[in-house]
Amino acid sequence: MDQAHKTTGQTSNVHIGYKGYVDGSIEFYGDQVEVLTGYPKEEFNSKKIKWTDLILEEDVGNSSEIFKQALKTDRAYAREYRIRMKDGNLRWMQEFSQIMCDENGKVQFISGVLMDTNEQKKIEEARLKAERRTGKYLSFLLDGEECGMNIIMVREIIGMMPITTVPQTPEFVKGVINLRGKVIPVVDLRLRFGIEAIDYTDRTCIVVVEIKGTAGTVQIGIVVDAVSEVLNIRGEDIEDTPTFGTKLNTDYILGMAKVEGNVRILIDINRLLSGEEIAALEKAA
């Protein structure tokens, strides 16, 4: 087996015993650590590399706190964190350990087992992602493409009405409307995605949505070619966005949904505008 395959292959059942020290150095009892990290066991055992050097910086704080809490109780702990492998990839690890102290309570070493949980994490993350995506979506048309947006974001759908232009705003901002006494900025979704503008028709709609603003939420109107129906879409029927095959900017796309043999592009409304653009719309309103 070549080294590249060893360090990136399936390792979900790998368990490694170890003996660690307070200075971050570690001694491993098995050679499988190279499968998990890309570094040979000898580099750890000779203290050339410390295990703590591999733990992702943002996970260090939580891991340290778990260790400190264990010292106050039975000195046994379990913790989970990510390490950065030799090839730069990240891997989730779970650690089950016992802190060994002398008669004065001074830490001598830590004895434990490290277990690779990367595959389980991927499965769990995929499940949670599917759950977050599952729901009702408003289906609409944009330049012949069937699209959708989460119905939770939608406040109402109205026909086209007079729009007052606002100077010194981006081209895709058509202006503002007065909806029952509330001033709402309006964004043309075609222009936002760099699609050629067309004359509005009797099917053109303004979808009023509520998005995250600079301080709370803000309502904006989104001009679409037409709306059609509300669909129930399961998260497992939504695939991640490809990097080709659509005229839309993929930065704003939640995923591609397969519904009754058709593919619909799901728009992530909260990523439609940057923070600066939202602030400008709030000012215009």
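To start, this report covers the structure provided alongside it.

Describing the pairing of strand β10 (residues 182-188)
Part 1 of the reasoning: Within β10, five of the seven residues are buried, which leaves it mostly tucked inside the rest of the structure.
Part 2 of the reasoning: Two strands pair when backbone bridges link them, and strand β9 (residues 173-179) and β10 are joined in this way by six bridges, in the antiparallel orientation. Note on β10: the bridge partner recorded for I177 is I184.
Part 3 of the reasoning: Counting the residues in the hairpin turn of β9 and β10 gives two residues, including R180, whose phi is positive at 55°.
Part 4 of the reasoning: Strand direction decides the pairing type here: β10 and strand β12 (residues 217-224), joined by three bridges, are parallel. When the bridges of β12 are listed, D188 appears paired with V223.

Examining the packing of aromatic side chains
Part 1 of the reasoning: Per the stated rule, a full pass over the model turns up six aromatic pairs.
Part 2 of the reasoning: Considering the side-chain rings of F67 and Y77, the 5.8 Å spacing of their centres and the 75° angle between planes classify their relative orientation as edge-to-face. Residue F67 is located in helix α5 (residues 57-72), and its partner Y77 is located in strand β3 (residues 76-84); the two are separated by 10 residues in the primary sequence. The same class applies to F67 and to Y77, which are both buried.

Quick word on the nonpolar core
Part 1 of the reasoning: Residues V209 and I211 are the most contacted members of the largest nonpolar core, which totals 32 residues.
Part 2 of the reasoning: Of all the secondary-structure elements, those providing two or more residues to this core are β6 (135-142), β7 (145-150), α7 (189-192), β11 (205-212), β12, β15 (253-259), β16 (262-267) and α8 (275-284).
Part 3 of the reasoning: If we ignore the near neighbours within four places in the chain, the residues touching I211 are M153, G216, T217, V218, I220, I269, N270, L273 and I278.
Part 4 of the reasoning: Grouped together as the second largest cluster of nonpolar side chains are 23 residues, V14, I16, A70 and Y81 included.

Considerations on the sheet that holds strand β4 (residues 90-101)
Part 1 of the reasoning: If you walk across this open sheet you meet the five strands as β2-β1-β5-β4-β3, and the pairing is antiparallel. The open sheet terminates on both sides in strands that have one partner only, identified here as β2 (26-28) and β3. Taken over all neighbouring pairs, the strand axes of this sheet differ in orientation by 30° on average, direction set aside.
Part 2 of the reasoning: By the bridge criterion, nine bridges tie β4 to strand β5 (residues 107-116) in an arrangement that is antiparallel. The partner of S97 across the bridge, within β5, is G112.
Part 3 of the reasoning: With respect to the sheet, α5 is in contact with β3, β4 and β5, its orientation differing from that of β3 by roughly 165°.
Part 4 of the reasoning: Packed on one face of the sheet, helix α6 (residues 118-133) meets β3, β4 and β5 and runs near 125° to β4.

Definitions and cut-offs
- Residues numbered from 1 in each chain as written.
- Predicted model: local features only at pLDDT ≥ 70, side-chain atom pairs only at ≥ 80, totals over all residues.
- Heavy atoms only, no water.
- Buried < 20%, exposed > 50% of the residue type's maximum accessible area, 1.4 Å probe, protein only.
- Helix = DSSP H or I, 4+ residues; strand = E, 2+ residues; numbered from the N terminus.
- Pairing = 2+ DSSP bridges.
- Phe/Tyr/Trp six-rings, centres within 6.5 Å; stacked < 30°, edge-to-face > 60°.
- Core = buried A, V, L, I, M, F, W, Y, C linked by side-chain atoms within 4.5 Å.
- Contact = heavy atoms within 4.5 Å.
- Axes fitted to C-alpha atoms, helices over the stretch in contact; angles between N-to-C directions.

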